[in-house]
Amino acid sequence: MQNKLHKGQYDPAEDTFFLEDCIKNEKGKSALEIGTGSGYLTKVLERSFDFVVGTDINLDVLKNQTYASQNLLCCFGADAINLQFDLVICNLPYLATDEILDIATDGGKEGLEIPLQIIKSAIPSIREGGKFFFITSSLSNFTKLVEETNKMGLKARIFATKKLFFEELIVVEAVK
Ligand SMILES: C[S@@+](CC[C@H](N)C(=O)[O-])C[C@H]1O[C@@H](n2cnc3c(N)ncnc32)[C@H](O)[C@@H]1O
């Protein structure tokens, strides 16, 4: 993952496009993207879902989206949402870091701290039988991320991987 900040926005990158590949054939009534950033993936969801919501913790990012969407909320994860969605997606801030210096990319220790908080926040917003796709990296503790997601009551598995020069991107599918 590269840090590509422009007004705090994370521009679409290889992880964005890999998650797009994994979710582009999903269909349903409603979908939520947590950490919408530029809005690129939220727009992809709008092609296949009737009702789409995007959240981001960074208000400036939401105000300056390159791919502007209509239903946006500034909050942590899905904390401000009282609705359940067929599909939830998140290109997590998954980098393993000692501190959170860049909110777009830094995941904290082992790349687990922020991702686990976001996953916990997302669970009430997934309908029974609904899916949650999120992305992590071989440079983070992805095995523990999957285990902890299972402990939170989802059925999580590695859905797809993609080798990059210096890491492997990992998309996890978690079913409620
Ligand atoms: C890796 S970027 C992904 C951006 C975009 N979805 C994409 O795939 O290109 C992560 C995004 O999540 C947002 N974010 C970070 N922590 C968050 C949190 N706790 N709740 C909501 N959004 C968060 C960041 O501001 C950033 O826009």
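Residues numbered from 1 in each chain as written. Predicted model: local features only at pLDDT ≥ 70, side-chain atom pairs only at ≥ 80, totals over all residues.

J.: For this particular structure, what's the right way to read unusual backbone geometry?
T.: Glycine aside, a negative phi is what most residues show, and trans is what most peptide bonds show. Phi is positive for E110, close to 60°, though the residue is something other than glycine. Inspection of the secondary structure puts E110 in the loop between β8 (106–108) and α4 (113–122). (Helix = DSSP H or I, 4+ residues; strand = E, 2+ residues; numbered from the N terminus.)

J.: Just to check I follow, could you spell out helix α5 (residues 142–151) for this structure?
T.: The α-helix advances 3.6 residues per turn, and as a result positions three or four apart in sequence lie on the same side. When we look at burial in α5, the residues that qualify are F142, L145 and T149. The buried residues of α5 occupy an angular sector of 50° when projected down its axis, which confines them to one face. Exposed and facing more than 90 degrees away from the buried side of α5 are T143, E147 and K151. The elements touched by buried residues of α5 are α4, β9 (126–137), β10 (155–163) and β11 (168–175). G153 sits one or two positions beyond α5 and adopts a positive phi of about 105°. (Buried ≥ 20, exposed ≤ 12 C-beta atoms within 10 Å, placed from the backbone. Arc of directions from axis to C-beta. Contact = placed C-beta atoms within 7 Å.)

J.: In this structure, what is going on with the sheet that holds strand β6 (residues 85–91)? I would like to understand it.
T.: Each strand in a sheet pairs with another by means of backbone hydrogen bonds, the pair being arranged parallel or else antiparallel. Strands sit in the order β5-β4-β3-β6-β9-β11-β10 across an open sheet of 7 strands; the sheet is mixed. Two strands lie at the open edges of the sheet, namely β5 (72–74) and β10, each paired on one side alone. Across this sheet, the average inter-strand angle for adjacent strands is 20°, counted without regard to direction. Relative to β11, β10 runs antiparallel, the two sharing 8 bridges. (Pairing = 2+ DSSP bridges. Axes fitted to C-alpha atoms, helices over the stretch in contact; angles between N-to-C directions.)

J.: Hey, could you run me through helix α1 (residues 14–23) in this one?
T.: When we look at burial in α1, the residues that qualify are D15, L19 and I23. Mapping the buried residues of α1 onto a view down its axis gives an arc of 65°, with all of them on the same face. Those residues of α1 that are buried are in contact with α2 (40–46), β6, β9 and β11.

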